[in-house]
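Commentary on secondary and tertiary structure
Spelled out, the chains give:
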Amino acid sequence: MTNVAAAPTPDTPWRLARRTARMNPSVIREILKLTELPGVLSMAGGLPSPDTFPVEAMRAATDKVLRETPREALQYAASEGYAPLREWVAVQMTAQGLSVDASQVLITTGSQQGLDLVAKVLLDAGSMVAVESPTYLGALQAFAPYEPEVLSVACDDEGPLPDALAAARGARFLYLLPNFQNPSGRCIGEARRAALAEAARALGLPIVEDNPYGDLWFDAPPPRPLASRWPEGTIYLGSFSKVLAPGLRLGYVIAPKAMFPKLLQAKQAADLHTPGFNQRVVHEVVRDGFLDRHVPTIRARYKAHRDAMRSALEAHMPRGCRWSVPVGGMFFWIELPAGVDATALLPRAVELGVAYVPGAAFFADEPRANTLRLSFVTVAPAQIERGVALLAQALKQAQPATTDAAATLTA
Ligand SMILES: Cc1ncc(COP(=O)(O)O)c(C=O)c1O
């Protein structure tokens, strides 16, 4: 990738900053345009199901905030966030095994902003950041403008290998998604978490733990966060996007006390504060335990969708494809037979009427072209069956020889 800033031309007086060379259009946003084509069943987006948005609760809370505290809600507010919401987050996290004081909670404009702030305060041009393989594309995009060297840590089906962290010695941080990872769906188990936290601590390798999907478990909650195992060495990111609604743009950073002031200064410079109105409305919604009633309905819905996709994959996918069944979250990650390129296959799949996200964009190192991500939450179960059948049809047309050959199929 070149770092040369575009030179001014006779047509434009603008000269781009060097960092823009690292800023590229999101592959996913480009692909999402395909979902707007009539008749295409999209399993591409990472969007939560709009049927889970608590519209009535939001309406009632909005009314209440506008009736009771309209001036405060519509005024500029504290950069740290709305104090009662910070307190609520601290109590929730403490209940999940991460002992947090409200003074460590920074309310952000989505957890995506948390990724940007963390990168802004921790990365210099050329400094190393370690990520999983594959990892969240939006994090790679957030880090890129700070011009780091990105190192992919070796992973297996359960996440990063603790022994592989040694290669990341000296990195500014290791970015981890322990719960129902986007894109792979994997969840890091108890023993692996303990080993990773221990290895990172021994290396002095700080962790940025991103957890937007942790509440979306199907049968049992995931093990406690990495941050609870090494609190002073971990920055934790949370989000209201998947348990309430992403349009609120509400997330939070939980930072060790030593890190908080710089993150706050970066936040101030970025947008002064997260919309105070949204924070008050959300606090009004969640303060009485609403999520304890609401989130189980999301889990049940997503689990039924997961089951529909599992059955459809087992019924339709050609031999030689491999996947594991996610125990939470929103995604199946599919490995196609070696030699099948999911990006090259996409136009044909769209022609047939189904869209997915090719996996290549989720790799910071050598992209594995034979991978793709399917979201199971926004398409109705009956349509999931059709979508997967169409994907299987595209695959069989693309690679009749390879896909007929016997190979492993894990479900
Ligand atoms: C792993 C991961 N981190 C962060 C985000 C950003 O979420 P938010 O809506 O809180 O900004 C997403 C969004 O899908 C995500 O998948």
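Presented here is a report on the structure given in the accompanying data block.

Here is what the cut-offs are and how they apply
- As a convention, each chain's residues are numbered from 1 in the sequence order in which they are written.
- Since the coordinates come from a predicted model, pLDDT governs what is reported: local features require at least 70, and pairs of side-chain atoms require 80 or more to be given and counted, while whole-chain, interface and lining totals use all residues.
- To obtain the side-chain values, all non-hydrogen atoms of the structure were included, while hydrogens and water were left out.
- Secondary structure elements follow DSSP: runs of H or I no shorter than four residues count as helices, runs of E no shorter than two count as strands, and numbering proceeds from the N terminus.
- When we talk radius of gyration, it's over C-alpha atoms, and the globule rule is simply 2.2 Å times the number of residues to the 0.38.
- Exposure is judged per residue with a 1.4 Å probe applied to protein chains only, and the accessible area is read against the type maximum: over 50% gives exposed, under 20% gives buried, and values in between give partly exposed.
- Should any heavy atoms of two residues lie within 4.5 Å, those residues are considered in contact.
- Working definition of accessibility: Shrake-Rupley area with a 1.4 Å probe, residue cover restricted to the visible protein chains.
- Note that His is not counted, nor are the chain ends; the positive residues are Lys and Arg, and the negative ones are Asp and Glu.
- The atoms used to mark charge sites are NZ of Lys, CZ of Arg, CG of Asp and CD of Glu.
- Salt bridge, as applied in this entry: a Lys or Arg side-chain nitrogen positioned within 4 Å of an Asp or Glu carboxyl oxygen.
- Between N-to-C directions, angles cover 0 to 180 degrees, with each direction set by a line fitted to C-alpha atoms, over the stretch in contact for helices.
- Note: crossing handedness is left-handed where the near helix turns anticlockwise from the far helix by less than a right angle, and right-handed where it turns clockwise.
- Under the convention adopted here, Pro, Cys and the residues Ala, Val, Leu, Ile, Met, Phe, Trp and Tyr are nonpolar, Asp, Glu, Lys and Arg are charged, and Gly plus all remaining residues are polar.
- Buriedness of a pocket was judged along seven lines, with at least five required to meet protein on both sides within 12 Å; pockets are open sets of points on a 1 Å grid over the protein atoms alone, cavities are sets where a 1.4 Å probe fits but cannot get out, and lining residues have an atom within 4 Å of a point.
- Grid points are joined across faces, edges and corners, and a volume is the space filled by probe spheres set on the points.
- Only the six-membered ring of Trp is used, alongside the rings of Phe and Tyr, when aromatic pairs are assigned; centres must lie within 6.5 Å, and planes under 30 degrees apart are stacked while those over 60 apart are edge-to-face, with the rest tilted.
- Note on pairing: DSSP must find at least two bridges between two strands before they are called paired.
- Nearness of a residue to a molecule or strand requires only that one of the residue's heavy atoms be within 4 Å of it.
- Here a polar contact is taken to be a pair of N or O atoms separated by no more than 3.5 Å, where protein atoms must pair a possible hydrogen donor with a possible acceptor and residues adjacent in sequence count only if both atoms sit in side chains.
- More than half of a molecule's atoms within 2 Å of the grid points is what it takes for that molecule to sit in a cavity or pocket.
- To qualify as a nonpolar core, a set must consist of buried Ala, Val, Leu, Ile, Met, Phe, Trp, Tyr and Cys residues joined through side-chain atoms within 4.5 Å.
- One fewer than the residue count of a helix, multiplied by 1.5 Å, yields its expected span.

Within the protein, the secondary structure is distributed over 13 helices and 14 strands. For a compact globule of 411 residues, the expected C-alpha radius of gyration is about 22 Å, and the protein comes in at 22 Å, within 12% of that figure. Once the C-alpha set of the protein is aligned to its principal axes, its extents read approximately 65 × 55 × 50 Å. When each of the 411 residues of the protein is scored for burial, the buried share is 53%. Counting only contacts in the protein whose residues sit at least 6 apart along the sequence, the fraction spanning at least 24 positions is 75%. Entry remark: accessible area of the protein is about 17,800 Å², with carbon and sulfur atoms responsible for 55%. Considering the protein, the positive charge centre built from 40 side chains and the negative charge centre built from 40 side chains are found 2 Å apart.

So, on to the pattern of salt bridges. Taken as a whole and assessed by the stated rule, the structure comprises 20 salt bridges. For the salt bridge of K267 with D271, the shortest nitrogen-to-oxygen distance reads 2.9 Å. Here K267 pairs with D271, and both are found in helix α8 (residues 260-271), just four residues apart, close to one helical turn. A residue is classified by how much of its surface remains accessible, and K267, at 0% relative accessible area, is buried. Here the residues in one salt-bridge network are K64, E68, E284 and R287, joined through shared partners.

So, about the packing of helix α5 (residues 110-122) against α8. At their nearest, the axes of α5 and α8 sit 9 Å apart, and the two run at 115° to each other. Here the hand of the crossing between α5 and α8 comes out right-handed. The residues of α8 that touch α5, namely those facing Q113, L117, V118, K120 and V121, are K262, L263, A266, K267, A270 and D271. Its residues assigned to classes, the contact of α5 with α8 shows six nonpolar, one polar and four charged.

Looking now at the layout of surface pockets. Roughly 700 Å³ of internal volume is contained in the largest pocket. Contributions of two or more residues to the lining of the largest pocket are made by α1 (27-35), α5 and α6 (137-143). Per-element tally for the lining of the largest pocket: the top contributor is α6, with four residues. Of the residues assigned to the lining of the largest pocket, the class counts are 12 nonpolar, nine polar and five charged.

Within a pair of aromatic rings, the relevant descriptors are the distance that separates the centres and the angle that separates the planes. Evaluated as defined, the whole model comprises nine aromatic pairs. Their ring planes at 80° and their centres at 5.4 Å tell us that F143 and F173 sit as a pair that is edge-to-face. Residue F143 is located in helix α6, and its partner F173 is located in strand β7 (residues 173-176); the two are separated by 30 residues in the primary sequence. Considered together, F143 and F173 belong to a single accessibility category, that of buried residues. Plain terms: the ring middles of W333 and F362 are 6.1 Å apart, the flat faces sit at 85° to each other, and that makes the pair edge-to-face. Of this pair, W333 sits in strand β11 (residues 331-335) while F362 sits in the loop between β13 (357-358) and β14 (371-375), and the two are 29 residues apart along the sequence. The two residues W333 and F362 agree in class, both being buried. By way of ring pairs, the aromatic residues W88, F240 and Y252 are connected into one cluster.

The sheet built from three strands is open, its strands ordered β11-β14-β13 with antiparallel pairing. At either margin of the open sheet sits one strand with a lone partner, and together these are β11 and β13. Together, β11 and β14 form the strand contacts of helix α10 (residues 290-316), whose direction differs from that of β11 by roughly 20°.

Let us now look at the site of the ligand. Around the ligand sit 13 residues, and of these D210, Y213, S239, S241 and R249 come closest. S111 places a polar main-chain atom, nitrogen or oxygen, 2.8 Å from an oxygen atom of the ligand. K242 places a polar side-chain atom, nitrogen or oxygen, 3.0 Å from an oxygen atom of the ligand. Given that more than half its atoms are within 2 Å of the pocket grid, the ligand belongs to the largest pocket. When residues in the shell around the ligand are grouped by element, the largest group, three residues, is from α5. Residue composition of the shell around the ligand, grouped by class: four nonpolar, six polar and three charged.

A word on the pairing of β14. Of all five residues that make up β14, five are buried, and the element is covered over most of its length. Because side chains alternate across β14, one face comprises the buried residues T371, R373 and S375, and the other comprises L372 and L374, equally buried. Sheet topology places β11 next to β14; five bridges connect them, and they run antiparallel. Bridged to F331 within β14 is S375.

Another point: the nonpolar core. In terms of nonpolar packing, the biggest core is built from 53 residues, with M317 and L374 touching the most fellow members. When contributions to this core are tallied by element, the ones reaching two or more residues are α10, β11, α11 (342-352), β12 (354-355), β14 and α12 (381-398). The element that contributes the greatest number of residues to this core is α12, accounting for seven residues. With sequence-adjacent residues up to four places away left out, L374 is seen in contact with M43, M309, L313, M330, F331, F332, I334, Y356 and L391. In this structure, V89, M93, A227 and V243 belong to the second largest nonpolar core, which totals 31 residues.

Let's shift gears to helix α7 (residues 190-203). With 14 residues, α7 extends 20 Å between its outermost C-alpha atoms, agreeing within 8% with the 20 Å of an ideal straight helix rising 1.5 Å per residue. Tucked inside the fold, the buried residues of α7 contact β5 (155-156), β6 (159-160) and β8 (207-210). Positive backbone phi, approximately 70°, marks G204, located one or two places after α7.

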